[in-house]
Amino acid sequence: MNTLLTVQSLTKQYGREKVVKDVSFSLMKNTSTALIGPNGAGKTTTLSMLTGLVNPTFGDIILKENKEDARRMIGFLPQYPKFFSWLSAIEFTEMTAKLSGVDARVAVKESEKILDFVGLGNVKKKKTGTFSGGMKQRLGLAQAIVHNPSLLLLDEPVSALDPVGRREILNLLKELQERTTILYSTHILNDAEEMTDQLLFLRNGELVEQGSLSDVREKYANPMIKIIFSLEEEAKVFASSSPWNVKQEGSSVCIPIRENEPRMQEILAYASLGDWTVQRIEKASANLEEIFMQVVNKQ
Ligand code: ADP
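What you are looking at is a predicted structure, and each value in this text was computed from that prediction instead of being measured.

Criteria and thresholds
Residues numbered from 1 in each chain as written. Predicted model: local features only at pLDDT ≥ 70, side-chain atom pairs only at ≥ 80, totals over all residues. Heavy atoms only, no water. Phe/Tyr/Trp six-rings, centres within 6.5 Å; stacked < 30°, edge-to-face > 60°. Buried < 20%, exposed > 50% of the residue type's maximum accessible area, 1.4 Å probe, protein only. Lys NZ or Arg CZ within 6 Å of the ring centre and 35° of its normal. Axes fitted to C-alpha atoms, helices over the stretch in contact; angles between N-to-C directions. Helix = DSSP H or I, 4+ residues; strand = E, 2+ residues; numbered from the N terminus. Parallel < 35°, antiparallel > 145°, perpendicular 65-115°, else oblique. Left-handed = near helix turned anticlockwise from the far one by under 90°. Contact = heavy atoms within 4.5 Å. Nonpolar A, V, L, I, M, F, W, Y, C, P; charged D, E, K, R; others polar. Salt bridge = Lys/Arg side-chain N within 4 Å of Asp/Glu carboxyl O. Near = heavy atom within 4 Å. Polar contact = N/O pair within 3.5 Å; in protein donor to acceptor, adjacent residues only side chain to side chain. Pairing = 2+ DSSP bridges.

Colleague: So what exactly am I meant to see when it comes to the packing of aromatic side chains here?
Modeller: The geometry of an aromatic ring pair is captured by two quantities: the separation of the ring centres and the angle between the planes. On inspection of all chains with the given rule, the structure shows 10 aromatic pairs. Seen from their ring centres, Phe-84 and Trp-86 are 5.1 Å apart, and the 40° between their planes marks the pair as tilted. Residue Phe-84 is classed as partly exposed on the basis of its relative accessible area of 36%. Overall, Trp-86 belongs to the exposed group, its relative accessible area being 56%. Ring-pair connections join several aromatic residues into one group, and the members of that group are Phe-229, Phe-238, Trp-244, Tyr-270 and Trp-276. We note Arg-179 situated over the ring of Phe-117; from NZ or CZ to the ring centre the distance is 5.1 Å.

Below, the structure written as structure tokens:
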């Protein structure tokens with residue numbers, strides 16, 4: 001696969017504080033990558049450096065197709081996009097298309113096409129000042145893609161939206177994913193699950209984990225067997241008497257599985273022996289939020 005962007009040792013320092021520290025990663029062409037981290041992790045600063053809005057203190061950003069003007073190549077949706085309330089949607093996208101180097105006549109056509117794509121075709125002549133939050137986010141996306149960029153950078157594109165708006169934007173992004181390279185930030189791992197080839201975890205400005213969703217899942221899933229008893233007392237007795245390192249919570253216990261040990265048969269055999277009533281036995285593993293917490297809190 002072709003690399004579109006390579007970031008090497010990217011660092012940003014404000015005063016004495018490094019808010020992005022020695023971050024390196026690559027983006028392959030036509031893939032999507034989620035930049036994940038809690039608030040203050042350095043996501044916006046990283047994206048701002050990639051767009052050229054903030055100068056790095058140190059490090060390299062290498063765009064493969066840098067013969068072109070970066071403004072043509074990159075589309076950017078900021079976390080809080082601003083619009084001129086007196087302009088109509090189509091006037092706004094025409095203006096941003098031209099600013100990105102699109103020829104004036106082409107800008108009109110492309111604007112119409114893109115506003116149709118984001119579902120604003122029927123309100124293209126309305127002033128943006130009248131738009132709802134969801135409509136503004138769609139317009140923000142339209143201005144980011146109207147010049148057909150090869151790299152699309154999105155800062156928290158769905159975080160501020162209600163579930164319907166979030167779904168609409170995610171569906172549009174999934175369509176875009178097929179023809180462009182996307183890097184988007186989020187602090188919600190479930191959003192990342194929807195469309196991600198690569199995950200980049202930022203914590204205090206450092207890239208603490210990176211890999212595909214399945215790699216990260218495998219590494220942090222912590223498989224376990226959960227046994228649910230009728231009574232809390234039974235779970236306590238099981239936890240104190242079993243040969244394993246068991247975590248008890250209420251009327252259930254969790255037995256971590258490492259390298260297939262202990263085996264399910266062993267656990268079933270043991271569980272069938274005692275003087276307790278087992279209601280259910282199930283396989284469990286960390287969910288995405290738990291994985292996020294593990295990565296963010298790891299030493
Ligand atoms: P995120 O997008 O992950 O929430 P940011 O990149 O916005 O994180 O911020 C990372 C850190 O950098 C925060 O502690 C923030 O206060 C600090 N920061 C961001 N911009 C500036 C600035 N212009 N001057 C000083 N500190 C800043």
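Let's pick the thread back up.
Colleague: Which parts of the structure should I look at to understand the packing of helix α4 (residues 104-117) against helix α5 (residues 133-145)?
Modeller: For any two helices packed against each other, the geometry is given by the interaxial angle and the distance between the axes. Between α4 and α5, the least distance of the axes is 9 Å, while the angle of their chain directions is 140°. Between α4 and α5, the interaxial angle falls into the category oblique. The crossing of α4 and α5 is right-handed. Residue-level inspection shows Ile-114, Leu-115 and Phe-117 of α4 in contact with α5, the latter providing Leu-139, Ala-142 and Ile-145. A breakdown of the residues in the contact of α4 with α5 according to their chemical character gives 6 nonpolar, no polar and no charged.

Colleague: When you look at the pattern of salt bridges in this model, what are you seeing that I'm missing?
Modeller: Proximity of charged atoms lets side chains of opposite charge pair with each other. Inspection of the entire model under this criterion finds 9 salt bridges. The partner of Glu-156 in a salt bridge is Lys-43, with the nearest N and O atoms 3.9 Å apart. Placement of the pair is Glu-156 in the loop between β6 (151-155) and α6 (163-177) and Lys-43 in helix α1 (residues 43-51), with a sequence separation of 113 residues. Pair check on accessibility: Glu-156 and Lys-43 agree, each one buried. The residue Glu-110 makes a salt bridge to Lys-113 at a minimum N-O spacing of 3.3 Å. With Glu-110 and Lys-113 both in helix α4, this residue pair falls 3 residues apart, about one helical turn.

Colleague: What's the story with the environment of Thr-277 in this structure? I'm lost.
Modeller: Take Thr-277: it is sitting in the loop between α10 (264-273) and β13 (278-284). Those residues in contact with Thr-277 that lie beyond four places of it in its chain are Ile-228, Phe-229, Ser-230 and Glu-234.

Colleague: Would you explain the site of the ligand in this entry?
Modeller: Within the structure, the ligand sits among Tyr-14, Val-19, Pro-38, Asn-39, Gly-40, Ala-41, Gly-42, Lys-43, Thr-44 and Thr-45. A distance of 3.0 Å separates an oxygen atom of the ligand from a polar atom in the backbone of Ala-41. The backbone of Gly-42 places a nitrogen or oxygen atom 2.9 Å from an oxygen atom of the ligand. With 3 residues, α1 is the single largest residue contributor to the shell around the ligand. In the shell around the ligand, the residues fall into 4 nonpolar, 5 polar and 1 charged.

Colleague: Please clarify how α1 should be interpreted in this entry.
Modeller: Each α-helix winds once per 3.6 residues, and so residues spaced three or four apart point in a common direction. For α1, the buried fraction is high: 7 of the 9 residues fall into the buried class. Considered for burial, the residues of α1 that qualify are Lys-43, Thr-45, Thr-46, Leu-47, Ser-48, Met-49 and Leu-50. At the exit of α1 stands Gly-52, carrying a positive phi of roughly 95°.

Colleague: Please explain the sheet that holds strand β2 (residues 17-28) as it appears in this structure.
Modeller: Note on sheets: strands pair through backbone hydrogen bonds, and any given pair is parallel or antiparallel. Taken together, 3 strands build an open sheet; the order of strands is β2-β1-β4 and the sheet is antiparallel. Bordering the open sheet on either side are β2 and β4 (58-63), each of which pairs with just one other strand. Averaged over all pairs of adjacent strands, the angle between their axes in this sheet comes to 10°, without regard to strand direction. As judged from the 8 bridges shared by strand β1 (residues 3-14) and β2, these two strands associate in the antiparallel manner. Residue pairing in the sheet places Thr-6 in a bridge with Ser-26 of β2. Across the sheet, α1 touches β1, β2 and β4, and the angle it forms with β1 is around 120°.

Colleague: How should the pairing of strand β3 (residues 32-36) be read in this particular structure?
Modeller: Consecutive side chains of a regular strand alternate in pointing toward one face of the sheet and then the other. The buried fraction of β3 amounts to 5 of the 5 residues, a majority that puts the element mostly inside the structure. Bridging between β3 and strand β7 (residues 181-186) involves 5 bridges; their strand directions are parallel. Bridge pairing in β7 links Ile-36 to Thr-186. Bridge count between β3 and strand β8 (residues 198-203): 4 bridges; the pairing is parallel. Across the sheet, Ile-36 pairs through a bridge with Phe-201, a residue of β8.

On their own, these measurements won't tell you what the molecule is for.
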